[in-house]
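Secondary and tertiary structure notes
Each chain, letter by letter, is given below.
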Amino acid sequence: MKPSFAEYMENELLKDPYLQYIPYFAELLPKGGTKRDQRVERVKRLENWEMQIRYLTLFTIFTKRKYKNYPTTKAQLMWFASVYNTGLQHTQEKIQKNVYSGPLSRFLIQKIPLQRTLLLVLHAGKFFR
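The notes below deal with the structure included here. (Residues numbered from 1 in each chain as written. Predicted model: local features only at pLDDT ≥ 70, side-chain atom pairs only at ≥ 80, totals over all residues. Heavy atoms only, no water.)

Turning our attention to the nonpolar core. One finds Met9, Leu19, Phe25 and Leu58 to be the most contacted residues of the largest nonpolar core, which totals 24 residues. Considering every element that reaches this core, the biggest residue donor is helix α4 (residues 49–66), with six residues. Look past the residues within four positions of methionine 9 in its chain and what remains in contact with it is Tyr55, Leu58, Phe59, Phe62 and Leu88. (Core = buried A, V, L, I, M, F, W, Y, C linked by side-chain atoms within 4.5 Å. Buried < 20%, exposed > 50% of the residue type's maximum accessible area, 1.4 Å probe, protein only. Helix = DSSP H or I, 4+ residues; strand = E, 2+ residues; numbered from the N terminus. Contact = heavy atoms within 4.5 Å.)

This is the structure in structure tokens:
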């Protein structure tokens, strides 16, 4: 997980009037200081897999809010993989171009049944809508 991804999730969290006050997510917000201090703090958080799960949970929440309709769970996972690889800030058209080209999307096409870990992460966002 890249620090730029985490920074984007933090900025999106700051725009959310509800989620930023939930302690589980509030720990992801920068504590102040210079940009460099914030980046060092962010990188330290990213060394912890539990914090990475928090960032990923935010990603699922924001992605589900922005894109709501998926015909199947597999299609949803492929879409999430494409959004993650392309960037949540991009248009639906740009993301659509990458649906079948990203490495995780190719993995999901080849590996059936779907991996439990991916389903767990995908559904983690259901608790924080």
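Picking up after the structure, the text goes on.
Between the first and last C-alpha of helix α3 (residues 35–46) there are 16 Å, a value that for 12 residues agrees with the 16 Å anticipated at 1.5 Å per step. Those residues of α3 that fall on the buried side of the exposure criterion are Gln38, Arg42, Arg45 and Leu46. Buried residues along α3 cover an arc of 95° about the axis, so they all sit on one side. Looking at α3, the residues exposed on the side facing more than 90 degrees away from the buried face are Arg36 and Lys44. Turning to α3, the residues buried within the fold contact α1 (3–15) and α4. (Expected span 1.5 Å × (residues − 1). Arc of directions from axis to C-beta.)

Their axes nearest at 11 Å, the elements α4 and helix α5 (residues 73–86) cross at an angle of 110°. In this view, α4 runs roughly perpendicular relative to α5, as classed from their interaxial angle. Residues Leu56, Phe59, Thr60, Thr63 and Lys64 of α4 touch α5, and the partners they reach there are Gln76, Trp79, Phe80, Val83 and Tyr84. Grouping the constituent residues of the contact of α4 with α5 by class yields six nonpolar, three polar and one charged. (Axes fitted to C-alpha atoms, helices over the stretch in contact; angles between N-to-C directions. Parallel < 35°, antiparallel > 145°, perpendicular 65-115°, else oblique. Nonpolar A, V, L, I, M, F, W, Y, C, P; charged D, E, K, R; others polar.)

Enumeration according to the criterion identifies six salt bridges in this entry. Via salt bridges that share partners, Glu10, Glu41, Arg42 and Arg45 belong to a single interconnected network. (Salt bridge = Lys/Arg side-chain N within 4 Å of Asp/Glu carboxyl O.)

Inspection of every chain in the model, using the stated rule, returns six aromatic pairs. On the basis of an interplanar angle of 90° and a centroid distance of 6.1 Å, the ring pair of phenylalanine 59 and phenylalanine 80 is categorised as edge-to-face. One end of the pair, phenylalanine 59, is in helix α4; the other, phenylalanine 80, is in helix α5, and 21 residues separate them in sequence. Put simply, the rings of Phe5, Phe59, Phe80 and Tyr84 pair up and form one aromatic cluster. (Phe/Tyr/Trp six-rings, centres within 6.5 Å; stacked < 30°, edge-to-face > 60°.)

This part is about the environment of phenylalanine 5. Here phenylalanine 5 shows up in helix α1. Residue phenylalanine 5 is classed as buried on the basis of its relative accessible area of 13%. Along the chain, phenylalanine 5 and phenylalanine 59 lie 54 residues apart, while their C-alpha atoms are 9.3 Å from each other.

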